[in-house]
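# Analysis of the macromolecular model
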Amino acid sequence: MRIVSLLPAATDLVADLGLAGNLTGRTHECDWPAEALRTVPVVTASGIDAARMSSREISEAVGGATHHGSSLYSLDAGALARAAPSVVLTQDLCDVCAVSYESVSRAVRVLDADTRVISLEPRTLDEVLGCLRQVGEALGVARTAVRREAVWRERLTAVGASVAGRRRPRVAAVEWLDPLWPAGHWVPDQVRWAGGEPLLAAPGEHTGPMTWERLRDARPDVVVLMPCGFEPARTEAEYGLLRALPGWGDLPAVRSGEVWVVDGPAHFNRPGPRVVRGAEILAYVLHGVQPPLPVTRDEARRLEPAGGEG
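Before going into details, it helps to say that this report is about the structure given with it. (Residues numbered from 1 in each chain as written. Predicted model: local features only at pLDDT ≥ 70, side-chain atom pairs only at ≥ 80, totals over all residues. Heavy atoms only, no water.)

### Details of helix 6 (residues 125-138)
For helix 6, built from 14 residues, the straight-helix expectation of 20 Å at 1.5 Å per residue is met to within 8% by its first-to-last C-alpha distance of 21 Å. Along helix 6, the residues that are buried comprise Leu125, Val128, Leu129, Gly130, Cys131, Leu132, Val135, Gly136 and Ala138. Those residues of helix 6 that are buried are in contact with helix 1 (8-16), strand 5 (87-91), strand 6 (116-120), helix 7 (142-162), helix 8 (187-193) and helix 14 (275-287). (Helix = DSSP H or I, 4+ residues; strand = E, 2+ residues; numbered from the N terminus. Expected span 1.5 Å × (residues − 1). Buried < 20%, exposed > 50% of the residue type's maximum accessible area, 1.4 Å probe, protein only. Contact = heavy atoms within 4.5 Å.)

As structure tokens, then:
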């Protein structure tokens, strides 16, 4: 079976199912597992140079408040044809996250082959883990998928047990800094499993930009920054955008030193199995609970000392 993944989360799923060796094409953003992907051809490209742009410029380039970025990514039809996929994994949940489903469907129609297109559209954490079965059945490894899903669910259950009975801090998870954007979909689920009370978005919710006043009035005990597509160092470099907001230092989370940055692309932005690691990381952030594999500074780091003087 020849697999083309047009979504980094789908690539995670394929690798978790032990089929990374069957990948014949991937996106330019697929980065895990790095060793297995080194020789897999890239079939997409970005229409912007995000590394040279500010958060505001990136937001405007992908459509601002409308959150539509159909022109953000391009699909190399020639590279797709050379990949000769029997299965293409994509999504129809968010045009900003990957090549649009419509573009993929058009490209596949011109291939002289019997290619199956599978769209993944999970909105909650439970649905994310359910994608293992969906993909596993499509790729002929249904039993493996059931076993892998059970492993991830056991880890998630262990997270919940580790924080049971503790006080639940009020948590603001922020997916973008300028404009401010709350993290929705499966992130509120991650917060709840980790022993927190999610603010600003409900599980499964497709969110939009919010005002600073909305975040300020929510008075979170903890703020977790997880910008979509940003590694922690990039987020930390742009933290000044938030510190410049009037009254930022008065937030309970800032005064108590509970402003954190996490690795959004690795554990929060993408609907793949590693969102369970995200819940483990949040349990550490919210309650100091270390999972069997300890949380590292690359995965979660505090940005404010107690008193908000940092």
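That shown, we press on.
### Quick look at the packing of helix 7 against helix 14
Where helix 7 meets helix 14, the closest approach of the two axes is 9 Å, and the angle between their N-to-C directions is 15°. Taken together, helix 7 and helix 14 sit at an angle that is classed as roughly parallel. The way helix 7 lies across helix 14 gives a crossing that is left-handed. Each of Trp152, Arg155, Leu156 and Val159 in helix 7 lies in contact with helix 14, whose residues at this interface are Val276, Arg277, Ala279, Glu280 and Ala283. Taken together, the residues that form the contact of helix 7 with helix 14 break down as six nonpolar, no polar and three charged. (Axes fitted to C-alpha atoms, helices over the stretch in contact; angles between N-to-C directions. Parallel < 35°, antiparallel > 145°, perpendicular 65-115°, else oblique. Left-handed = near helix turned anticlockwise from the far one by under 90°. Nonpolar A, V, L, I, M, F, W, Y, C, P; charged D, E, K, R; others polar.)

### Structural notes on the side chain of Glu175
Turning to its location among the elements, Glu175 is positioned in strand 7 (residues 170-177). Here Glu175 is buried and forms no salt bridge, its nearest opposite-charge partner Arg270 lying at an N-O distance of 11 Å. When neighbours within four sequence positions are excluded, Glu175 is seen to be in contact with Trp181, Pro182, Ala183, Met226, Pro227 and Cys228. (Lys, Arg positive; Asp, Glu negative; His and termini not counted. Salt bridge = Lys/Arg side-chain N within 4 Å of Asp/Glu carboxyl O.)

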